[in-house]
Structures are given as structure tokens and as C-alpha cells.
Amino acid sequence: MKKSHLLISMMLVLVSTLMGCATSGELEKVQAQQKLIDAKAEQALQDAQAAKAAADAAKLKADEVTTRADNAEKAALERERIADEKAKRADAAFQKSMLK
């Protein structure tokens, strides 16, 4: 009876050990999933780098446009100042001519 219990115990240990091990098919499946995950991660990294490059280019263009707008505003203010001076001179000349 002890021998049968020992034999049954050994068989149960052997079966439980074999059930705990992964088969080569399962291992290949896990490796394929890992490769797919790696490919997705690489694609996400490339997409992020492309998005960063596009954002950097857009920022440069925005900075250029801002600079041009600032320059245009300065030029407009200068033209306005010149026009005001001319208007004052014209008004002064008109007033002077009215006094005669």
C-alpha cells in the first residue's frame, strides 16, 4: 500500500510539473506577441518623433509670422507718426495762410 501511495504521489508530482511548464507553441506565441508589441512601440516612437518635428517646424513658422507682424506694426506706427506730422505742418500752414 505504501508503494502504491508513493507511485501515485510521484505521478501527481510529475503531472503537476509538466502542466506548469510552457509548451514550445505557447512560447512561440508569447514571442510573436512580444515582437508585435515591440513593433507597435517602435511605430509609436517614430510617430512621436514626426509629430515633434512638425510641431517644431510650426513653432518656427509662427515665430517668423510674429516677427513679421511686429515689424509691420512698427512700420505702420512710423507711417502714422509721419502722417500726423505732415497733417500738423499742413494745418499750421493753413492757419498761417488764414492769418494773412
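Refer to the structure above for everything that follows.
Notes on the structure in this doc start here. All values derive from a computational prediction rather than experimental measurement.

1. A short note on the overall build of the chain
And then number 1: Counting secondary structure elements, the chain contains two helices and zero strands.
And then number 2: For the chain, the residues scored as buried account for 0% of the 100 residues in total.
And then number 3: Summed over its atoms, the accessible surface of the chain is roughly 9,300 Å², and 65% of this surface lies on carbon and sulfur atoms.

2. A word on the pattern of salt bridges
And then number 1: For the structure on display, the rule yields four salt bridges.
And then number 2: Notably, a salt bridge pairs Glu85 with Arg81, separated by 2.5 Å at the nearest N-O pair. Separated by four residues within a single helix, Glu85 and Arg81 lie in helix α2 (residues 24-99), roughly one turn from each other.
And then number 3: For Glu85, a relative accessible area of 35% translates into the label partly exposed.
And then number 4: Members of the salt-bridge network, linked through shared partners, are Glu78, Arg81 and Glu85.

Reading the values: rules and limits
Residues numbered from 1 in each chain as written. Predicted model: local features only at pLDDT ≥ 70, side-chain atom pairs only at ≥ 80, totals over all residues. Heavy atoms only, no water. Helix = DSSP H or I, 4+ residues; strand = E, 2+ residues; numbered from the N terminus. Buried < 20%, exposed > 50% of the residue type's maximum accessible area, 1.4 Å probe, protein only. Areas by Shrake-Rupley, 256 points an atom, 1.4 Å probe, with all protein chains shown as cover. Salt bridge = Lys/Arg side-chain N within 4 Å of Asp/Glu carboxyl O.

Take it as geometry only, folks, not as evidence of what the structure does.
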